[in-house]
Amino acid sequence: MEKTISCLNSKAVINSKGAELKSLILDGNELMWAGNPVFWGKTSPVLFPSVGGLKGGKTIIDGIEYHMTKHGFARDNEFEISHVNDGKENNTARFSLHETGETLKMFPFKFSFAMQYQLTENKLEIIYEVVNNTSVPMPFCIGAHPAFACPAKGKRFEDYRLVFQERETVCSPVLDVKTRLFKENGSVWRLKNSCECPLSYSLFDNDVLYFRGIVSKSVSLLDDENKGIKLSWDGFSSLGVWTPAGMNAEFVCIEPWCGCDDYENCSGDFRDKPEIQTCLPGASKYYALTIETV
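**Things to note about the side chain of Thr43**
And then number 1: For Thr43, the location among the structural elements is in the loop between strand E4 (29-30) and strand E5 (58-61).
And then number 2: One polar contact links Thr43 to Lys22, side chain to side chain, over a distance of 3.5 Å.
And then number 3: Leave out the neighbours within four places in its chain, and Thr43 touches Glu20, Leu21, Lys22, Met32, Trp33, Ala34, Gly35, His145, Pro146 and Ala147.

**Here's the deal with the sheet that holds strand E3 (residues 20-26)**
And then number 1: With antiparallel pairing, the 4 strands of this open sheet are ordered in space as E1-E2-E3-E4. In this open sheet, the two strands that pair with only one neighbour each are strand E1 (2-7) and E4.
And then number 2: Bridge count between E1 and strand E2 (residues 10-15): 6 bridges; the pairing is antiparallel. Its bridge partner lying in E2, Glu2 is registered against Asn15.

**Considerations on the environment of Leu289**
And then number 1: Following the sequence through the fold, Leu289 ends up in strand E24 (residues 284-293).
And then number 2: The spacing of Leu289 and Trp233 is 56 residues in sequence and 4.4 Å in space, taken between C-alpha atoms.
And then number 3: Once residues lying within four places of it in the same chain are set aside, the contact partners of Leu289 are Leu124, Glu125, Ile126, Tyr128, Ala144, Leu231, Ser232, Trp233 and Pro256.

**Points about the nonpolar core**
And then number 1: Within the largest apolar cluster, 86 residues are counted, with the highest numbers of intra-cluster contacts made by Leu24, Phe107, Phe113, Tyr128 and Phe211.
And then number 2: Of the residues forming this core, the biggest block, 6 residues, is contributed by strand E22 (residues 251-258).
And then number 3: Every residue in contact with Leu24, bar those within four places of it in the chain, is listed here: Lys11, Ala12, Asn29, Glu30, Leu31, Met32, Leu119, Leu124 and Ile291.

**Quick notes on the state of the cysteines**
And then number 1: Applying the stated rule across the entire model yields 0 disulfides.
And then number 2: Cysteine Cys195 remains unbridged, with the sulfur of Cys197 as its closest cysteine sulfur at 11 Å.
And then number 3: Cys279 takes part in no disulfide bond, and the closest cysteine sulfur, belonging to Cys258, lies 13 Å away.

**A word on the pairing of strand E21 (residues 238-242)**
And then number 1: For E21, a buried count of 5 out of 5 residues is recorded, marking the element as mostly surrounded by other parts of the structure.
And then number 2: Burial along E21 is two-sided: Ser238, Gly240 and Trp242 facing one way and Leu239 and Val241 facing the other are all buried.
And then number 3: As defined by bridge partners, strand E18 (residues 209-212) adjoins E21 across 4 bridges and the pair is classed as antiparallel. Paired with Phe211 across the bridge in E21 is Leu239.
And then number 4: Sheet topology note: the E21/E22 ladder contains 5 bridges and is antiparallel.

**What about the packing of aromatic side chains?**
And then number 1: One pass over the full model with this rule turns up 25 aromatic pairs.
And then number 2: An angle of 10° between the planes, with centres 4.1 Å apart, marks the rings of Phe157 and Tyr201 as stacked. Pair noted here: Phe157 is in the loop between strand E13 (147-149) and strand E14 (161-172) and Tyr201 is in the loop between strand E17 (188-198) and E18, with a separation of 44 residues, a long-range link. Tyr201 matches Phe157 in its accessibility class, with the two residues each being buried.
And then number 3: Between the aromatic rings of Trp242 and Phe251, the centroid separation amounts to 5.8 Å while the plane-to-plane angle is 55°, which identifies the pairing as tilted.
And then number 4: An aromatic cluster of at least three residues, connected via ring pairs, comprises Phe48, Phe73, Phe79, Phe107, Phe109, Phe111, Phe113, Tyr128, Phe140, Phe236, Phe270 and Tyr287.

**Some remarks on the environment of Ile60**
And then number 1: Locating Ile60 in the fold gives a position in strand E5.
And then number 2: Residue classification places Ile60 among the partly exposed positions, given a relative accessible area of 27%.
And then number 3: Between the C-alpha atom of Ile60 and that of Thr278, which follows or precedes it by 218 residues, the distance is 15 Å.
And then number 4: When near neighbours in sequence (up to four residues on either side) are disregarded, Ile60 contacts Glu65, Gly268, Asp269 and Phe270.

**Comments concerning the pairing of E2**
And then number 1: Of all 6 residues making up E2, 5 are buried, and the element is well covered by its neighbours.
And then number 2: One ladder, built from 5 bridges, connects E2 with E3; its direction is antiparallel. Looking at the pairing, Ile14 lines up with Leu21 of E3.
And then number 3: Adjacent in sequence and paired antiparallel, E2 and E3 are bridged by 4 residues, among which Gly18 carries a positive phi angle near 75°.

**Thoughts on the side chain of Asp207**
And then number 1: Along the chain, Asp207 turns up in the loop between E17 and E18.
And then number 2: Residue classification places Asp207 among the buried positions, given a relative accessible area of 13%.
And then number 3: With residues near it in sequence (within four places) discarded, Asp207 still touches Leu175, Arg180 and Trp242.

Basis of the calculations
- Residues numbered from 1 in each chain as written.
- Predicted model: local features only at pLDDT ≥ 70, side-chain atom pairs only at ≥ 80, totals over all residues.
- Heavy atoms only, no water.
- Helix = DSSP H or I, 4+ residues; strand = E, 2+ residues; numbered from the N terminus.
- Polar contact = N/O pair within 3.5 Å; in protein donor to acceptor, adjacent residues only side chain to side chain.
- Contact = heavy atoms within 4.5 Å.
- Pairing = 2+ DSSP bridges.
- Core = buried A, V, L, I, M, F, W, Y, C linked by side-chain atoms within 4.5 Å.
- Buried < 20%, exposed > 50% of the residue type's maximum accessible area, 1.4 Å probe, protein only.
- Disulfide = S-S within 2.5 Å.
- Phe/Tyr/Trp six-rings, centres within 6.5 Å; stacked < 30°, edge-to-face > 60°.

Here it is, written out as structure tokens:
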């Protein structure tokens, strides 16, 4: 089922499967990749309760082994549309997911996970809420994975750059494309006291760019005329940037994360994953992502 929210000249379409944003029109312009299975069939999956791949597709939680698919299971499950505006406005929609018998086989916690989309004239805000309904601390990872149409008609991919809010110094690990794990050695400098990262397809020959531990809370995707989009976030601790290697696809994903793919020498214990989040019994944790044009 799809839910459409709108505000003046802006509109967003969200699918109840995975609470996935399928279309975002701000100021009359479509920002999202339309999806194509030849390249990548999704548009903006949510990553929960894991980000990236697990070593051998499995992990240990409190001494017990569990198998979980890449990026977790939320993106593959139906969310309930639990709240929409009751008045004349139709600019907000809330989607919620709870544990099931199937999720408990992969992730042994009772939880509530909700995403609320709110659209204004030229901005979309997404609020993520994680609630732990068990009696023990709940570890989890969370991330966004929106794919933005890039390059625009008449532009080249190389005309674009990422502009971070702050100057950053980042030496990021390289993903082994065979094992789908981050290598322990061979890290690559992505930023050296700089706020700009020029884009090229060759940057993604080894898959995702992982900007771990950045200070910035926003990044802009700008073309050679300084036009584009800006993502701002709260609660997320790192950023992934991705387009499929060697395919010259017309999109780039800009992904605020708490979590990442496993490293080659990881312990296999889920609670030891980099950037792991912990929600105490009965508590809630919140994250936010805002998308706007610039």
